[in-house]
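Working through the structure, step by step
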Amino acid sequence: MSGPRIIPEPIAQLPWRVILLVTAIGCFGLVVLYSAAGGSLTPWAKPQGVRFFVLLAGSLVLSRLPLDLWRRIAMPGYLVLVVALVLVELLGAVRGGSQRWLDVGFIRLQPSELMKLFIVLGAARFYELMPPAETRRFSGIWPVAAMIAVPAALVMKQPDLGTALMICAGGATVMFLAGVPLRLFIGGAMALAVAAPLAVNFLLHDYQRNRVLIFMNPESDPLGTGYHISQSKIAIGSGGIWGKGFLNGTQSHLDYLPEGHTDFVFATMAEEWGLVGGCLLILAFILVIRWGLNVAQAAQTRFARLAAAGLSTTIFIYVMVNLMMVMGLAPVVGIPLPLVSYGGSSQMTVLLCLGILMAIDRENRRPARW
């Protein structure tokens with residue numbers, strides 16, 4: 001007979017290695033924001049730290065919710081967020097020239113952030129309800145394609161190109177993993193390549209069009225449209241192997257690097273911590289994403305498998321696009337580095353993803369039911 005447990009079983013069953021790794025990434029982000037402010041907890045590090053630990057605690061609470069609850073609310077949650085995106089267009093608050101927020105008095109909500117999660121959950125629920133043999137037919141493709149297109153179009157109108165692309169990527173990932181034929185993705189990519197010049201010229205706003213065009217040759221306008229990318233490259237390159245040292249960065253402290261605490265926070269970090277710091281941070285993200293994919297592989301149901309893979313891919317896209325953006329390998333589309341960049345929206349999205357992944361992981365650990 002075993003003695004009483006010192007640590008309660010629900011706490012002991014949590015994936016503490018991943019939780020500690022995520023906490024380490026978040027705390028390192030606070031160190032970078034502290035340095036970006038010139039060695040001050042305000043205006044970025046202190047509120048970021050409060051949000052991080054509150055949201056981390058919230059993700060642990062969400063991990064205790066039964067997976068069946070997420071399955072039941074997937075479709076209703078998606079529909080509620082579509083309505084919220086329509087309300088943003090009609091009644092939304094405008095900040096920085098963009099109309100992305102719903103002001104409900106006690107909180108300012110950005111529905112497009114939550115849509116990144118619920119497009120994955122909604123698509124996973126759709127394919128769970130559909131017989132696998134139907135997935136490769138037209139009836140298994142067009143409903144999810146419409147589910148992706150509607151919120152993506154509404155978000156593009158806000159305008160928010162980066163979030164719209166992430167919604168499309170999350171939904172397309174679930175479609176691919178569900179078994180939609182590869183030839184359709186190849187055909188869609190070819191059609192997108194043909195339509196891209198038209199979209200750039202007629203659908204994008206002027207500043208978005210300039211960002212797409214300038215990333216190919218930022219040196220052609222180093223003091224104008226290409227200023228962000230040029231200064232980011234200078235900051236990353238000047239860090240060298242080991243970096244200039246904590247609080248010794250010049251690009252961010254002398255205000256050469258725009259948005260050094262949000263979209264270009266990796267450049268701020270790389271200048272002070274160098275190639276070694278950048279590689280360790282990337283390795284930490286890789287380990288978190290690898291854990292999420294392992295959770296998907298061990299999942300016992302089609303919904304859990306697709307949801308876990310889609311949510312892990314969402315985190316991967318966050319990291320990949322931001323790193324490509326600050327290195328000049330992709331246009332500047334306003335996607336922050338999760339858990340490191342200042343701001344609550346991306347922080348909330350990633351920690352919600354982790355909370356749902358931990359719920360799926362807990363479900364995987366249960367003994368099989370006859």
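Starting afresh in each chain, residues are numbered from 1 along the sequence in its written order. With the structure being a predicted model, the display of local features is reserved for residues of pLDDT at least 70 and the display and counting of side-chain atom pairs for 80 or more, all residues being used for whole-chain, interface and lining totals. Side-chain figures throughout are based on the complete set of non-hydrogen atoms in the structure, without hydrogens or water.

Along the backbone of the chain there are 13 helices and 3 strands. Taken across its 370 residues, the chain has 50% of its residues classed as buried. The way it works is that DSSP assigns letters per residue, a run of H or I at least four long becomes a helix, a run of E at least two long becomes a strand, and they are numbered from the N terminus. Burial here depends on accessible area, computed with a 1.4 Å probe over protein chains only, as a share of the maximum for the residue type. Under 20% is buried, over 50% is exposed, and the range in between is partly exposed.

Quick look at the packing of helix H2 (residues 16–36) against helix H3 (residues 45–62) now. Lines fitted to C-alpha atoms define the axes, with helix axes restricted to the stretch in contact, and inter-axis angles between N-to-C directions lie between 0 and 180 degrees. Interaxial distance between H2 and H3 falls to 9 Å at its minimum, and their mutual angle equals 165°. For the element pair H2 / H3, the angle class is roughly antiparallel. The hand of the H2/H3 crossing is right-handed. In this structure, H2 contributes Ile19, Val22, Thr23, Gly26, Cys27, Leu30, Leu33 and Tyr34 to the contact, and H3 contributes Ala45, Gln48, Gly49, Phe52, Phe53, Leu56 and Leu60. By the convention adopted, Pro, Cys, Tyr, Trp, Phe, Met, Ile, Leu, Val and Ala count as nonpolar, Lys, Arg, Asp and Glu as charged, and the other residues, Gly among them, as polar. Classifying every residue of the contact of H2 with H3 gives 11 nonpolar, 4 polar and no charged. The cut-offs work like this: below 35 degrees is roughly parallel, past 145 is roughly antiparallel, 65 to 115 is roughly perpendicular, and the gaps in between are oblique. For any helix crossing, the convention is left-handed if the near helix is rotated counterclockwise from the far helix by under a right angle, and right-handed if that rotation is clockwise. A contact between two residues is defined here by any heavy atoms of the two lying within 4.5 Å.

As a further point, take the pattern of salt bridges. Whenever a carboxyl oxygen of Asp or Glu lies within 4 Å of a side-chain nitrogen of Lys or Arg, that contact is scored as a salt bridge. Within the structure shown, the criterion is met by 7 salt bridges. The closest approach of N and O atoms between Arg71 and Asp68, which form a salt bridge, is 3.1 Å. Highlighted residues: Arg71 and Asp68, both in helix H4 (residues 67–91), separated by 3 residues, approximately one helical turn. Among the residues examined, Arg71 registers a relative accessible area of 13% and is labelled buried. You can call Asp68 partly exposed: its relative accessible area is 35%. Note that Glu113 and Lys116 form a salt bridge whose closest N and O atoms lie 3.0 Å from each other.

This next bit is on the nonpolar core. As used here, the term nonpolar core means buried Ala, Val, Leu, Ile, Met, Phe, Trp, Tyr and Cys residues forming a set that is joined through side-chain atoms within 4.5 Å. Counting 96 residues, the largest nonpolar core has Tyr127, Leu281, Leu337, Leu354 and Ile360 as the members making the most contacts within it. Per element, the largest residue contribution to this core is 15 residues, and it comes from helix H12 (residues 302–326). Inspection of this core shows a minimum of three residues originating in each of domain 1 (13–64 + 204–365) and domain 2 (74–203). In contact with Ile360, not counting residues within four places along its chain, are Leu67, Val295, Ala299, Ala304, Ala307 and Ala308. Domain segmentation is taken from an automatic or database assignment of domains.

Right, let's get into H12. The periodicity of an α-helix, 3.6 residues per turn, causes residues three or four places apart in sequence to face the same way. Over its 25 residues, H12 extends 36 Å from the first C-alpha to the last, a length consistent with the 36 Å expected when each residue adds 1.5 Å. The buried count for H12 comes to 20 of 25 residues, which makes it a mostly enclosed element. Positioned one or two residues after H12, Gly328 has a phi angle of 80°, which is positive. Between the first and last residue of a helix there are one fewer steps than residues, each counted as 1.5 Å, and that sum is the expected span.

What follows concerns the packing of aromatic side chains. Between the rings of Phe, Tyr and Trp (Trp by its six-membered ring), a pair exists once the centres lie within 6.5 Å; its type follows the angle of the planes, with under 30 degrees stacked, over 60 edge-to-face, and the other angles tilted. Throughout the structure, instances matching the rule amount to 5 aromatic pairs. Taking 5.3 Å as the distance between ring centres and 80° as the angle between the ring planes, the aromatic pair formed by Phe126 and Tyr127 counts as edge-to-face. According to the relative accessible area criterion, Tyr127 is buried, its value standing at 0%. Ring centres 6.3 Å apart and planes at 45° place the aromatic pair Phe246 and Trp273 in the tilted group. On the criterion of sequence distance, the pair formed by Phe246 in the loop between helix H10 (227–238) and helix H11 (265–298) and Trp273 in helix H11 is long-range, its members being 27 residues apart.

Moving on, we come to empty space enclosed by the protein. Two kinds of site are reported from a 1 Å grid over the protein atoms alone, namely cavities, where a 1.4 Å probe fits but cannot get out, and pockets, open sets with protein on both sides within 12 Å along at least five of seven lines, and residues are called lining when an atom falls within 4 Å of a point. Grid points are joined across faces, edges and corners, and a volume is the space filled by probe spheres set on the points. Tallied over the full model, the rule gives 3 cavities of 30 Å³ or more. Lining of the largest cavity is provided by Val18, Ile19, Val22, Leu56, Ser59, Leu60, Leu351, Leu354 and Met358. For the lining of the largest cavity, the secondary-structure elements that each account for two or more residues are H2, H3 and helix H13 (344–365). Its residues assigned to classes, the lining of the largest cavity shows 8 nonpolar, 1 polar and no charged. In this structure, the second largest cavity spans a volume of roughly 50 Å³. What lines the second largest cavity is Gln13, Leu14, Pro15, Ser63, Arg64, Met358, Asp361, Arg362 and Arg365. Residues that form the lining of the second largest cavity fall into these classes: 3 nonpolar, 2 polar and 4 charged.

The next point concerns unusual backbone geometry. Omega for the peptide link from Thr42 to Pro43 comes to 10°, which places this bond in the cis form. Within the chain, Leu247 stands out as a residue other than glycine whose phi angle is a positive 70°. Residue placement: Leu247 occurs in the loop between H10 and H11. With a phi close to 65°, Asp255 is a non-glycine residue in the positive phi region.

In this section: the confidence of the model for the chain. As a per-residue measure, pLDDT reflects the predictor's confidence and takes values from 0 up to 100. Here the chain averages 85 in pLDDT, while 86% of its residues score no lower than 70. Of all secondary-structure elements in the chain, the lowest mean pLDDT belongs to strand S1 (residues 93–95), at 65, while H11 reaches the highest, 95.

A cluster of nonpolar side chains, contributed by Ile241, Trp242, Leu275, Val276, Leu280, Leu283, Ile286 and Leu287, occupies part of the molecular surface with about 790 Å² of accessible area. By secondary structure assignment, the location of Ile241 is in the loop between H10 and H11. Using a relative accessible area of 48% as the deciding quantity, one classes Ile241 as partly exposed. Here, patches come from residues exposed beyond 30% relative accessible area and free of salt bridges, joined within 9 Å for like charges and within 5 Å for nonpolar side chains (Val, Leu, Ile, Met, Phe, Trp, Tyr). Using a 1.4 Å probe, the Shrake-Rupley method yields the accessible areas, and only the shown protein chains count as cover for residues.

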